[in-house]
Amino acid sequence: MTDTYSLLRLFADSWMLLAMSAFFLGACLWAFRPGARAAHEEAAMAIFRDSPTRADGDDQPKDPT
């Protein structure tokens, strides 16, 4: 009979490696799917949502120098 360490090591080296690889590949495919573009752009612009705009309509900050 094998000890617990050897059994868990065998499991980690085979099936768990396969499961983690499949999860990583699935997460990458889910994140880069074509339908996610709008959600990613909205999340990227979220920090600018509440920023005040300038009176002249130009959203670029003025050079302080």
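Now for a description of the structure that goes with this document. Owing to the predicted nature of the structure, the values given are computational and were not obtained by experimental measurement.

**Points about the pattern of salt bridges**
In step 1: Within the structure shown, the criterion is met by three salt bridges.
In step 2: Among the salt bridges present, the one from aspartate 13 reaches arginine 9, with a minimum N-O distance of 2.9 Å. Of the two residues, aspartate 13 and arginine 9 both sit in helix H1 (residues 4-31), four residues apart, roughly one turn of that helix.
In step 3: On the basis of relative accessibility, which here comes to 45%, the residue arginine 9 falls in the partly exposed class.
In step 4: Between arginine 49 and glutamate 42 there is a salt bridge whose closest N-O contact spans 2.5 Å.
In step 5: Using a relative accessible area of 46% as the deciding quantity, one classes glutamate 42 as partly exposed.

What counts and what doesn't
Residues numbered from 1 in each chain as written. Predicted model: local features only at pLDDT ≥ 70, side-chain atom pairs only at ≥ 80, totals over all residues. Heavy atoms only, no water. Salt bridge = Lys/Arg side-chain N within 4 Å of Asp/Glu carboxyl O. Helix = DSSP H or I, 4+ residues; strand = E, 2+ residues; numbered from the N terminus. Buried < 20%, exposed > 50% of the residue type's maximum accessible area, 1.4 Å probe, protein only.

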